[in-house]
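Secondary and tertiary structure notes
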Amino acid sequence: MDEVEQTEAEQTEVEENEAENFGYDDVPGVTLTDSNAISDFLKKTKVQDVLNWGRKNSLWFTVNAMGCCGVELLSTGMAHYDTDRFGIIPRNSPRHADVLIISGYVTKKYLPALKRVWDQMPSPKWVIAFGDCAISGGPFYESYSTHQNVDEIFPVDVFVPGCPPRCEALIQGFVELQKKIEAKKDRGTEY
Amino acid sequence: MLEEKVGPSEMIVHIGPQHPMLPGPFRLNARLRGETVVDSEVEMGWIHKGIEKILENKTYLQGITIVDRICYLAALSNEEAYVGCVEKLAGIEVPERSQYIRVIVEELSRLQSHLLGMGEYASFVGFVSMFMYTIKEREDVLSLLDSITGARITHSFLRFGGVKDDIPPGFRDDVKRVFPNVRKAIDSYEDMYSTDSIYRARTVDVGVLTADVAKDLGVSGPPLRATGVPFDIRKDEPYLVYEDLDFKVCTETAGDVYARIQVRLDEMRESMYIIEQCLDQMPEGPLFAEDTPYGKRSPVMRIPAGEVYHRVEDPRGEMGFYMVSDGSDKPYRVKIRGPVYPTLQTLPPLLKGVKVADIVAIAGSMDTCTSEVDR
Amino acid sequence: MDANTIIDSLSGQFPDDIYDTDVESGIRILAKVKPENVVEVCRYLKEDLSFDHLGCEFGVDYPDRNEIEVVYLISSYDHPVVLTLKAILPRDNPEIESVVPVYWNANWYERETYELFGVKYINHPDLRQLVLPEEMLGEWPLRKDYKGFPNKTAKNLV
Ligand code: SF4
């Protein structure tokens, strides 16, 4: 009895494995590991430093102007401040972006949309809370329709205080983010 | 509701709230038949922050900081409307020098708002480099504004009975240095707009608003003036020293997208002309009337009970505050009447029958500031 | 057209509906209107007195008088007079006829007054919430006795 049960269990296991590796097992010379294993391995090596060096120098951000701070966000991306020289480029599509900048008040109605933008961004991705509203609620801290404590919802890496912060402050925020990524202390990459 | 009316071979496209081609978060639900918009509706409130409720719970002086945030591109006009209300209720006199300074900062703010609005709009119709140009000029204008008020976007500059600061020494020289460049830039924008045939094809006779319809829909500001109605609060109900200044109300007659942009270009020239006049005519004198408590440190002031409606000309049209005071140190009720509110409502009728690609051109040319609609 | 003629003509036309008129200055006049006839009054204002621009429409809450005022700010593209027209409604069951048939842009103003104050507009083409999320409908946040303000959830304040 026992034997029979065991073989049955083995069989199902084998079947499952086959189903998983379907299409690969007939290719000679292929070792199967999943991609997580590779990245876990890489994280322990110097390769991660090289990757981070690349990532920190191409922080593309989404342009979602949400409040007054959004206007400063627009100005930052333009020719006068020329953030392109740091590899910081405004992108209209969240699919192209690495950094979500929460630039203003997050209302109860807007939060689902913002979460959706965040979900659409490919990882690794970072969040910058830009302006007092995104940090603590700003002048609208007692309002009935805004969300305070946005940092509990998004993994914020850098806070840029000000109402609105000047464009230079945002660039400083990016520099801080770069330093964090280089030191492997950021929350966007999972170490 | 839009969903109930969808016919065969029609579909609904939701544009927004986060969409690069919308000037601020709002959602446009368009019912399409092929490429043509059959019907549409606008959903608002994505950045509603309850400013009216907050103002009821702040003292009058604290309120100045909050009203800045109603529309971040016209912060000074908002302040003027708010401060004007309180001044009317309490019967506060503003010395002439302060009035001139107010006109200067408000016109500078109009200038920067139009520059940004135009650039944003240009990028919507596929003219992205224009955005770069206008922002470049805007930075110069902002630095002028910065040198007076100490801030770029949210100024908190006006006070009851005066202004926070005098214009700094050297401001006249800065103006002399910056304005010729801005004038040249505006001329070159106009050149580009009027000669580029692709641009003209996208804007001339697109989104036409006639004068009667515009009046019916309650529009004000540049979209109305582009239809030929010379409605401008600065002329019709002069506040500050606009009576003593020489300027013309810029109008066009076509009422299409092209005309709306043309009106803004002309208005920017007028604004600069007004500022130069102010600098010439400005009398010397104190910023606050002497022998009054205004301008001193007095966080609590009680305003006599009453109701008042004060309206000013915002870069986008008629901006008005209705204030009810019950004699305490906080306003009882403040209603903010923003110019974009009716303008945004005109989108559904205007978009009927246009192609999808024209939606952004029309919406952009209205220069909508969503923050002010939602408040 | 000056303020006094407007007031005279208005109260001459609607002696029963218009009361408490006042001329504050040459460009500001005030009148109260019985809620039942607000549409006729508005139509008269628009067609005969060229008040063709509805500036705004909003509510003011007076809990101690147990009233909600609906205020119409009506002005014109041709003359600078602004008329403040008020209709006084009971606070428990505020209901008033919609003026959308006369002033098209009242649509959003009425939706907003509905969701913030709970004023019901009869014959409104599409009365639903405008700026609030749907689940907040029924809280009437701009009434004076609203409990959700101030919101005390902010943690990062200094
Ligand atoms: S932090 Fe200040 S400037 Fe920025 S969105 Fe909030 S209120 Fe506006």
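Only a predicted model underlies this, so the values are computations on that prediction, with no experimental measurement involved.

Turning our attention to the UniProt feature "domain: NADH:ubiquinone oxidoreductase-like 20kDa subunit" (unreviewed entry) in chain A. In the numbering used here, UniProt assigns the feature "domain: NADH:ubiquinone oxidoreductase-like 20kDa subunit" (unreviewed entry) to residues 68-177 of chain A. As a span, residues 68-177 of chain A carries 33% helix and 19% strand, and end to end its C-alpha atoms are 23 Å apart.

As a matter of local geometry, the ligand sits amid 13 residues, with A:Cys68, A:Cys69, A:Asp132, A:Cys133 and A:Cys163 nearest to it. Chain contributions to the surroundings of the ligand come from chains A and B. For the shell around the ligand, the per-class residue count stands at eight nonpolar, three polar and two charged.

Attention now moves to the interface of chain B and chain C. Facing the 41 residues of chain B at the interface are 42 residues of chain C. Buried area between chain B and chain C, summed over both chains or domains, comes out near 3,600 Å², and the portion from carbon and sulfur atoms is 57%. A per-residue breakdown of the area chain B buries against chain C is headed by B:Lys53, B:Tyr332 and B:Gln345, which together make up 19% of the total. Between C:Lys144 and B:Glu56 there is a salt bridge, and its shortest N-O distance comes to 3.2 Å. Put simply, chain B and chain C have 19 residue pairs in polar contact (both at pLDDT 80 or more) between them. Broken down by secondary-structure element, the contributors of at least two residues to the side of chain B that touches chain C are β3 (36-43), α1 (51-56), α8 (211-217), β6 (306-314), β7 (317-325), β8 (333-337), α12 (340-345) and α15 (370-374) of chain B. Of the residues that constitute the side of chain B that touches chain C, the class distribution is 18 nonpolar, six polar and 17 charged.

Quick look at the nonpolar core now. In this structure, B:Leu108, B:Tyr193 and C:Leu85 are the most contacted members of the largest nonpolar core, which totals 220 residues. Counting residues per element, this core draws most heavily on helix α4 (residues 96-124) of chain B, which supplies 12 residues. Excluding residues within four positions of it along the chain, B:Tyr193 makes contact with B:Met118, B:Tyr121, B:Ala122, B:Phe127, B:Met130, B:Tyr199, B:Arg200, B:Tyr258, B:Ile261 and B:Leu265.

Moving on to the packing of aromatic side chains. All names here are of chain A. This model, assessed by the stated rule, comprises 17 aromatic pairs over all chains. Relative to Phe154, the ring of Trp118 lies with its centre 6.1 Å away and its plane at 90°, an arrangement referred to as edge-to-face. One end of the pair, Trp118, is in helix α5 (residues 111-120); the other, Phe154, is in the loop between β6 (146-147) and β7 (156-160), with 36 residues separating them in the sequence. For Trp118, a relative accessible area of 13% corresponds to the buried category. Looking at Phe154, the relative accessible area reads 2%, which means it is buried.

For the rest of this paragraph, the subject is the environment of B:Ser156. Residues and elements named next belong to chain B. You can see Ser156 is positioned in the loop between α5 (128-149) and β4 (158-159). The exposure class of Ser156 is buried, given its relative accessible area of 17%. Residues Ser156 and Cys369 lie 213 residues apart in sequence; the distance between their C-alpha atoms is 19 Å. Excluding its chain neighbours within four sequence positions, the residues that come into contact with Ser156 are Ile64, Thr65, Asp68, Arg69, Glu79 and Lys164.

This part is about the side chain of B:Asp68. Residues and elements named next belong to chain B. As for its placement among the helices and strands, Asp68 is situated in helix α2 (residues 60-68). Engagement of the side chain of Asp68 in a polar contact is seen with the backbone nitrogen of His155, the distance being 3.1 Å. If sequence neighbours within four positions are ignored, Asp68 has contacts with Ala75, Asn78, Glu79, Thr154, His155 and Ser156.

This next bit is on the pattern of salt bridges. Residues and elements named next belong to chain B. Applying the stated criterion across every chain yields a total of 48 salt bridges over all chains. Among the salt bridges present, the one from Glu284 reaches Arg97, with a minimum N-O distance of 3.7 Å. Of the two residues, Glu284 is situated in the loop between α11 (257-281) and β6 and Arg97 in helix α4; the sequence distance between them amounts to 187 residues. By relative accessible area, which is 7% here, Arg97 ends up buried.

The subject of this paragraph is the packing of α11(B) against helix α14 (residues 356-365) of chain B. Residue and element names in this part refer to chain B. Put simply, α11 and α14 touch, their axes get as near as 9 Å, and they point 30° apart. As the angle between them shows, α11 and α14 are arranged roughly parallel. α14 is crossed by α11, and the crossing has left-handed handedness. Here Val257, Arg260 and Arg264 of α11 come into contact with α14, specifically with Ala361, Ile362 and Ser365.

All names here are of chain C. Across the sheet, five strands lie side by side as β1-β2-β5-β4-β3; this open sheet has mixed pairing. Strands with a single pairing partner mark the edges of an open sheet, and in this sheet they are β1 (18-25) and β3 (53-62). On average, each strand axis in the sheet is tilted by 20° relative to the strand beside it, whichever way the strands run. Here β1 pairs with strand β2 (residues 28-33) via five bridges, running antiparallel. Bridging from a neighbouring strand, Ile18 pairs with Val33 of β2. Sheet strands in contact with helix α2 (residues 38-48) are β1, β2, β4 (67-75) and β5 (82-90), and its direction is about 175° off that of β5. In the packing of helix α3 (residues 106-117) onto the sheet, the strands contacted are β3 and β4, and the crossing angle to β3 comes to about 10°.

This part takes up the interface of chain C and chain A. Counting residues at the interface gives 19 residues for chain C and 13 residues for chain A. On inspection of chain C and its partner chain A, the count reaches one residue pair in polar contact (both at pLDDT 80 or more). Tallied by class, the residues present in the side of chain C that touches chain A amount to 13 nonpolar, five polar and one charged.

What counts and how
Residues numbered from 1 in each chain as written. Chains lettered and ligands numbered in written order. Predicted model: local features only at pLDDT ≥ 70, side-chain atom pairs only at ≥ 80, totals over all residues. Heavy atoms only, no water. UniProt positions renumbered as here; feature names shortened; annotations may be inferred. Helix = DSSP H or I, 4+ residues; strand = E, 2+ residues; numbered from the N terminus. Near = heavy atom within 4 Å. Nonpolar A, V, L, I, M, F, W, Y, C, P; charged D, E, K, R; others polar. Contact = heavy atoms within 4.5 Å. Buried area = accessible area lost by both parts, 1.4 Å probe. Salt bridge = Lys/Arg side-chain N within 4 Å of Asp/Glu carboxyl O. Polar contact = N/O pair within 3.5 Å; in protein donor to acceptor, adjacent residues only side chain to side chain. Core = buried A, V, L, I, M, F, W, Y, C linked by side-chain atoms within 4.5 Å. Buried < 20%, exposed > 50% of the residue type's maximum accessible area, 1.4 Å probe, protein only. Phe/Tyr/Trp six-rings, centres within 6.5 Å; stacked < 30°, edge-to-face > 60°. Axes fitted to C-alpha atoms, helices over the stretch in contact; angles between N-to-C directions. Parallel < 35°, antiparallel > 145°, perpendicular 65-115°, else oblique. Left-handed = near helix turned anticlockwise from the far one by under 90°. Pairing = 2+ DSSP bridges.

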